[in-house]
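Examination of the molecular architecture
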Amino acid sequence: MSIELLTGLLLLGVLISFMLGAQVGLALGGVAMLIGYFVWGEGIFNIVPTTIESTLFSFVLLAIPLYIYMGQLLTRSGIGDAMFKASQLLIGRIRGSLAISVIGVCSMIGAMVGIIGAGIMTSGSIALRPMLERGYDKKLALGVIMAGGGLGILIPPSIPMILYSSTTQTSVGRMFIAALIPALISITVFVLYIIVSCKLNPKRAPLGHAQDIPNSPKERFNTLRDGIMALLLIVAVLGSIISGIATPTESGAIGVVGALLLALIYKRFKLSMLKSSGAETALLVSVAIWIVLGASVFSNFHLLMGVQGMVADFAAGLDLPPIMIILMMQVIMLLLGFIIDEMIIVLICAPLFTPIAVSLGYDPIWFGILMILNIEIAVQTPPYGFALFYLKGIAPPGVTMMDIYKSVLPFVMLKLGILILCMLVPEIVTWLPNKLMG
Amino acid sequence: MSTVSHTIALALPLLAGTVAFEVFSRYVLNSPTLWAYDVSLFLFGYIGALCGAHAQLKKSHINVDIVYLAVSQRMKNLFDLLANTLGGFFLWVIASKSWEKALEAIDFGYTRQSEWAPSVGHFWVMVTAAAILFLLQLSGDMLKDTWHLFTGEPLISEDEQE
């Protein structure tokens, strides 16, 4: 069977199983193994134990339970809320202030995590409830969680960036510095969108949530103190990674210990909190792991069948100007992002596309940042972008997939604009690393 | 299922403690551990795999519900039956291949390729158990769906479920 036909069959199988409402992870793994059985026979099942090993013995993925656990502890101890209350104390009189705080706070949390799935799940655990409780438009609340949490792979330290650098022999430091200006542009654009959107439709973000702005000086002091302590925790986690004291995974554990210490210091610690946080985290981790497992089996099977060769032949056969080839690669990565997760896209596309981009005369750092921006969009694009399912996992029961689709669209369009801007003006990406590192 | 899940959830403080202790041991005691890396990965695997069945019981696994929410209850039962058959097939593959690996690991004394090199037999037994538990939960759901599809009545009333 040709790889083109096989790819078509796989996509059709996934579409049908998703339409039936199958569990995403089981559906991806099931479709791949079923089609694989008819193409290759029983031997294809040997892909399963090797994939289980690479998924469950991944020190990178180990960051997921630790950061989600930290998020759950922060939520239950009330410290997560304190961060938002402290930011409300500063900008609470602006319409949409909570959503703006979410972009800031979630991008910091997302940055600590460095993986989109964990970023969204951690950010959502902390920030979604306060916004919905205060009467924010459901679509705005979900959209900002996705936008803020998704920034995690663009703001250093970012796991996909490390993977890109390791597969293309480019400098991780340059990648991190190159991402700073696009990240800053993204945050600014999101905040501007929230301000303009709430100005045009004030119902999206009701003003006057008095409970957010404390009255007495003592309450104000306590709110500010709690907010600063929570911020210090994030700085400690980020600082331990940037200074090289700990890996991102180890920083997650430091974050858990820090969250517990904060809860103890402020007398918010209860044994039941530890238990309920653990149970909720275990459930969320399991949901994420079964998705990663199924998706990895699907992706590994597709790679084994030769999808890389198909993509390379396709690009080489096109008689197009260089920038159109780059554009074509972006479209391919965007399409891949609908069905596979960000780390797998980097691992598939970076070694495949980067040599072609460099041979066309482009900077590999610029191409890498475009890839990261692209993946951030792809995994959040309806109907099958992976991050959408992570958000669904932490959303309250009343939130449907359609709500999530509608919520992410404006932010996806904004991110697409930023991607195109960076593609047309490469200096946005290359200026800072060239300035600082020569 | 929930007993397994709640017991496993207790491993989370242990997991965070293990990883944090490694950092403490490296910098404060100036003596990195050999075991923390493998122990934390095993704990992660146990938590991720074994709670899958409980997540199914709680209907927490993520699905695309656009078409699903728009169809009648009987059609939902039919959709669930087809989807769970596909999922069950994948779980069966996981269970059977993991069991093969478990027997192989125990017979030949396979260990992790790390400095500490702990045995991996228990890990593959655990993955087999996790897939079977998940499969049992899916089978229970399929039984309920089949009953509802043919009789139009729920097999277990909501009161009984609570």
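The rules behind the values
- Residues numbered from 1 in each chain as written.
- Chains lettered and ligands numbered in written order.
- Predicted model: local features only at pLDDT ≥ 70, side-chain atom pairs only at ≥ 80, totals over all residues.
- Heavy atoms only, no water.
- Helix = DSSP H or I, 4+ residues; strand = E, 2+ residues; numbered from the N terminus.
- Buried < 20%, exposed > 50% of the residue type's maximum accessible area, 1.4 Å probe, protein only.
- Phe/Tyr/Trp six-rings, centres within 6.5 Å; stacked < 30°, edge-to-face > 60°.
- Lys NZ or Arg CZ within 6 Å of the ring centre and 35° of its normal.
- Contact = heavy atoms within 4.5 Å.
- Buried area = accessible area lost by both parts, 1.4 Å probe.
- Salt bridge = Lys/Arg side-chain N within 4 Å of Asp/Glu carboxyl O.
- Nonpolar A, V, L, I, M, F, W, Y, C, P; charged D, E, K, R; others polar.
- Core = buried A, V, L, I, M, F, W, Y, C linked by side-chain atoms within 4.5 Å.
- pLDDT = per-residue confidence, 0-100.
- Patch = residues over 30% accessible without salt bridge, like charges linked within 9 Å, V, L, I, M, F, W, Y side chains within 5 Å.
- Areas by Shrake-Rupley, 256 points an atom, 1.4 Å probe, with all protein chains shown as cover.
- Expected span 1.5 Å × (residues − 1).
- Polar contact = N/O pair within 3.5 Å; in protein donor to acceptor, adjacent residues only side chain to side chain.

Some thoughts on the overall build of chain B
Assigned secondary structure in chain B consists of seven helices and zero strands. Ordered by position in the sequence, the α and β elements of chain B form the string α-α-α-α-α-α-α. In terms of principal-axis extent, the alpha carbons of chain B reach across some 65 × 35 × 30 Å. Burial analysis of chain B (162 residues in total) assigns 47% to the buried set.

A word on the packing of aromatic side chains
Scanning all chains against the criterion turns up 16 aromatic pairs over all chains. Judged by centre distance (5.9 Å) and plane angle (20°), the rings of Phe21(B) and Trp35(B) are stacked. Placement of the pair is Phe21(B) in helix H2 (residues 11-27) and Trp35(B) in the loop between H2 and helix H3 (36-50), with a sequence separation of 14 residues. With relative accessibility at 32%, the residue Phe21(B) sits in the partly exposed group. Trp35(B) gets classed as partly exposed once you look at its relative accessible area, which sits at 32%. Taken together through their ring pairs, the aromatic side chains of Tyr37(A), Phe38(A), Phe45(A), Phe89(B) and Trp92(B) make up a single cluster. The ring of Tyr68(B) has Lys76(B) sitting right over it, with the charged end atom 5.8 Å from the ring centre.

Re the interface of chain B and chain A
Counting residues at the interface gives 58 residues for chain B and 65 residues for chain A. Around 5200 Å² of area is buried between chain B and chain A when both sides are counted, 80% of it from carbon and sulfur atoms. Three residues stand out in chain B for area buried against chain A, namely Phe44(B), Ile62(B) and Phe90(B), and they jointly supply 16% of the buried area on that side. Across the chain B-chain A interface, the total number found is one salt bridge. Arg26(B) is paired through a salt bridge with Glu250(A); the nearest N and O atoms lie 2.8 Å apart. Secondary structure elements with two or more residues in the side of chain B that touches chain A: helix H1 (2-9), H2, H3, helix H4 (52-57), helix H5 (73-108) and helix H6 (121-151) of chain B. Here the side of chain B that touches chain A takes 15 residues from H5(B), the largest share from any one element. In terms of residue class, the side of chain B that touches chain A is built from 38 nonpolar, 13 polar and seven charged.

Some points on the pattern of salt bridges
All names here are of chain B. Counting across every chain of the model gives eight salt bridges over all chains. As a salt-bridge pair, Glu22 and Arg26 come within 3.6 Å of each other at their nearest N and O atoms. Here Glu22 and its partner Arg26 are both found in helix H2, four residues apart, which amounts to about one turn of the helix. When its relative accessible area of 12% is taken as the criterion, Glu22 is described as buried. When the shortest N-O distance is used, the salt bridge between Arg112 and Asp38 registers 3.1 Å. With Arg112 in the loop between H5 and H6 and Asp38 in helix H3, this residue pair connects regions lying 74 residues apart in the sequence. Exposure remark for Asp38: the relative accessible area of 1% places this residue in the buried category.

Re the nonpolar core
Counting 184 residues, the largest nonpolar core has Met33(A), Phe367(A) and Ile94(B) as the members making the most contacts within it. Filtering out sequence-adjacent residues up to four positions away, Ile94(B) remains in contact with Val48(A), Ile52(A), Trp290(A), Leu293(A), Val127(B) and Ala131(B).

Side note on the side chain of Ser407(A)
Residues and elements named next belong to chain A. Examined against the element boundaries, Ser407 turns out to sit in helix H19 (residues 401-424). Owing to a relative accessible area of 2%, Ser407 belongs among the buried residues under this scheme. Leave out the neighbours within four places in its chain, and Ser407 touches Lys139, Leu142 and Gly143.

Observations regarding the confidence of the model for chain B
Looking at chain B as a whole, its pLDDT mean stands at 90, while 94% of the residues score no less than 70. The least confident element of chain B is helix H7 (residues 158-161) of chain B, whose mean pLDDT is 60; the most confident is H5(B), at 96.

Some points on a nonpolar patch on the surface
Together, Ile245(A), Phe21(B), Phe24(B), Tyr27(B), Val28(B), Leu29(B), Leu34(B), Trp35(B) and Trp116(B) line one region of the surface with nonpolar side chains, adding up to about 850 Å² of accessible area. Looking at the element boundaries, Val28(B) is found in the loop between H2 and H3. A relative accessible area of 55% means that Val28(B) is categorised as exposed.

Structural notes on H6(B)
Taking 1.5 Å of rise per residue, 31 residues should cover 45 Å, and H6(B) covers 45 Å from first to last C-alpha, within 8% of that figure. Directly after H6(B), the chain includes Gly152(B), whose backbone phi takes a positive value near 80°.

A closer look at the environment of Pro355(A)
Its place among the elements puts Pro355(A) in helix H16 (residues 342-359). Measuring from C-alpha to C-alpha, the distance between Pro355(A) and Leu62(A) comes to 31 Å, with 293 residues separating the pair along the chain.

Observations regarding the environment of Pro49(A)
The topology assignment puts Pro49(A) in helix H3 (residues 47-56). A relative accessible area of 6% places Pro49(A) in the buried class. In sequence terms Pro49(A) and Met83(A) are 34 residues apart; their C-alpha atoms lie 43 Å from each other. Setting aside residues no more than four positions away along its own chain, Pro49(A) makes contact with Lys97(B), Lys101(B) and Trp124(B).

Comments concerning the side chain of Asn374(A)
All names here are of chain A. Take Asn374: it is sitting in helix H17 (residues 364-378). A polar contact of 3.5 Å, which involves the side chain of Asn374, links it to the backbone nitrogen of Leu334. Setting aside residues up to four positions removed in sequence, Asn374 forms contacts with Gln330, Met333, Leu334 and Leu419.

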